[in-house]
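Read off the chains here:
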Amino acid sequence: MAFLRLGSKSEAFHREGHSWICTSGLPSDVSINIGEMSFHLHKFPLLSRSGLLEKFIEECSSGDGSSFSLRLNDIPGGAKAFELISKFCYGVKIELTAQNVVSIRCAAEYLQMTDDYGDGNLVMQTESFLNEVLGNWRDSIRALEACEEVLPYAEELHIVSRCINSLAMKACADPSLFSWPLPGRDPKQSPENTGLWNGISTATKTQPTGEDWWYEDVSFLSLPLYKRLILAIESRGMRPERIAASVAHYARRNLPLMNRQSSFNDANHVNPGTTISSPSESDQRALLEEIVGLLPNKKGVTTSKFLIRLLRTAMVLHASPSCRENLEKRVGTQLDQASLLDLLIPNMEQAAAVASPPCIVEEGQLMNGSDSLTPMTMVASLIDGFLAEVAPDVNFKLPKFETLAATIPDYARPLDDGLYHAIDVYLKAHPWITDLEREQLCRLMNCQKLSLEASTHAAQNERLPLRVIVQVLFFEQLRLRTSISGWFFVADNLENSQNPSGNFGLLKNDGSYPIDSAKHGATGGEDNVKHRVSELEKDCLSMKEELQKLVKTKSSWRNFTRRLGFNKKSHSCCPKGSKPSNLRAPPSSVNRQQNYENIEVVPGTLKVN
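Residues numbered from 1 in each chain as written. Predicted model: local features only at pLDDT ≥ 70, side-chain atom pairs only at ≥ 80, totals over all residues. Heavy atoms only, no water.

Colleague: Can you break down helix H18 (residues 398-406) residue by residue, with the values?
Modeller: Residues Leu398, Phe401, Glu402, Leu404 and Ala405 constitute the buried set of H18. One side of H18 holds all its buried residues, which, seen down the axis, span an arc of 165°. Residues of H18 that are exposed and point over 90 degrees away from its buried face: Pro399 and Ala406. (Buried < 20%, exposed > 50% of the residue type's maximum accessible area, 1.4 Å probe, protein only. Helix = DSSP H or I, 4+ residues; strand = E, 2+ residues; numbered from the N terminus. Arc of directions from axis to C-beta.)

Colleague: Give a description of the packing of helix H11 (residues 240-254) against helix H12 (residues 281-294) that names residues and reports values.
Modeller: Helices that pack against each other are described as a pair by the angle of their axes relative to one another and the distance between those axes. Here H11 crosses H12 at 170°, and the two axes come no closer than 10 Å. Considering the angle they form, H11 stands roughly antiparallel to H12. Residue-level contacts link Val247, Tyr250, Ala251 and Asn254 of H11 to Leu287, Ile291 and Leu294 of H12. For the contact of H11 with H12, the per-class residue count stands at six nonpolar, one polar and no charged. (Axes fitted to C-alpha atoms, helices over the stretch in contact; angles between N-to-C directions. Parallel < 35°, antiparallel > 145°, perpendicular 65-115°, else oblique. Contact = heavy atoms within 4.5 Å. Nonpolar A, V, L, I, M, F, W, Y, C, P; charged D, E, K, R; others polar.)

Colleague: Talk me through the sheet that holds strand E3 (residues 19-22); I want residue IDs and the actual numbers.
Modeller: Paired through backbone hydrogen bonds, the strands of a sheet run either parallel or antiparallel to each other. Strands sit in the order E2-E3-E5-E4-E6 across an open sheet of five strands; the sheet is mixed. Across the chains shown, the open sheet's two edge strands, defined by having one partner strand only, are strand E2 (13-16) and strand E6 (68-71). Strand-to-strand twist across the sheet, computed as the mean angle between neighbouring axes with direction ignored, equals 20°. Pairing analysis gives four bridges linking strand E4 (residues 30-34) to E6, with the strands arranged parallel. Counted as the bridge partner of Ile32 is Leu70 from E6. Each of E2, E3, E4 and strand E5 (37-41) is contacted by helix H3 (residues 78-90), which is oriented at about 10° to E5, the strand it contacts most. (Pairing = 2+ DSSP bridges.)

Treat this as a map of the structure, not an account of what it does.
Pasting the structure below:
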């Protein structure tokens, strides 16, 4: 740390209570009162160095040599600064440091201690030393912190702007090129950094410094000074990522709620090393709103985790609506980078722990113009997981569930398994909702986009409406028929490639026509086709038996399996001239139950009246 010693005389002052007395041997003829402190001094040493004191002494002097008193309550730095100034006037040894040079420089300017009142006066001495202080990172930080005590005078003398410009320049430069003392490092050599070689002391190489070396030091500054410093650093072209990281570090140190997940009632329980005392709720709210304004607007430079933590803290502190809306929009633009744990934001106004929907809506609006489906797919998975996580909450209302689920467009979900799981959990936790609400909730998912596992689970799920179960079974049958048709198509192409002279027709989807052969002599190919058809019939029978097992617990479902074609014989594929298999079952004369009167299944289509 830089320092400057002035004066040569030994100590000539002693303190008695609230009074400083000069022990030069001569009686005091002037008393300077500053607050509760009194300085019993002599006229000549003071007026020979200070233009202001010379003026006051001339005005108050009566000419008979009697003593008098002056009051200087407005002097920058107060009694502590004037103590050093009075010692300087007497030539007593004093020491200027980075902590006291600002207040002494302002007080010297206030007292008009220029070179007009003696060479090497205090204004010149402090100004020269201040330039030396500003050449060092740590000393510049200390000087800027000292400006808080004399801020109006320091602003007038441009000391604050000089400190900020010095720090901004050093933060944007490479510290290893200038041998600046770094945060957390002692400029003096420690034993572990010192080695001996042939009896000669040598210093080992210092460890490499990262881009975050200045974050910790500036986090101790007050918000107004920190804000000015960040704006100065930004104007010098520092990357937004580093600015955002510094702001995040500052927020974590000065906002205790950033490090917790609980309510404001536990604000006094702060992690060690973060803050010494917990600021009030109003102070934290004002600080948070200012921090949000300092974050760069560029997308992706601030982590989603930090933004969501800020949003959570803003909700706990009841920040302004504009502040919360700003954070919600920021979170929404990069929601694909968030995790489910981060997204669980407590709502302080209700018992349900739910996130604010506008950020999700904003994300959907921004993603619609994107060419890539990957971010939107990640958002869809995140929202489905979030819905499943908060669905057991009895205070989570159905309209909010529907709103959040509907914000994700249909194309963003390759499969609806996650949404189905969330709906199932919600139905289990809210058994009191009406049948109409159940059907309305299930309309959010697309039964055609359920995987085999999800379809199997849905077919046995008694919480789902009957209409949904029918749709699931129908689409499974439709998927089976499509798969069989694809098998025939591949088999036909393979047969044609192996027998160029033969041309077998493709079995139609309804299975009512056999394969037509253009060459009647290809008996070997016909046998192969018959064999493949026989295998497919076995597979169809096996799948029919499996599906019948799924609905065995409900005897009334047998009518559905019959209508869905499970009791129909598979359509055989045979060469021209052979007897085709009958796929159509005769019309059933069994009376339908009243619950199924509105459901009609036609081969290839499903009608629900």
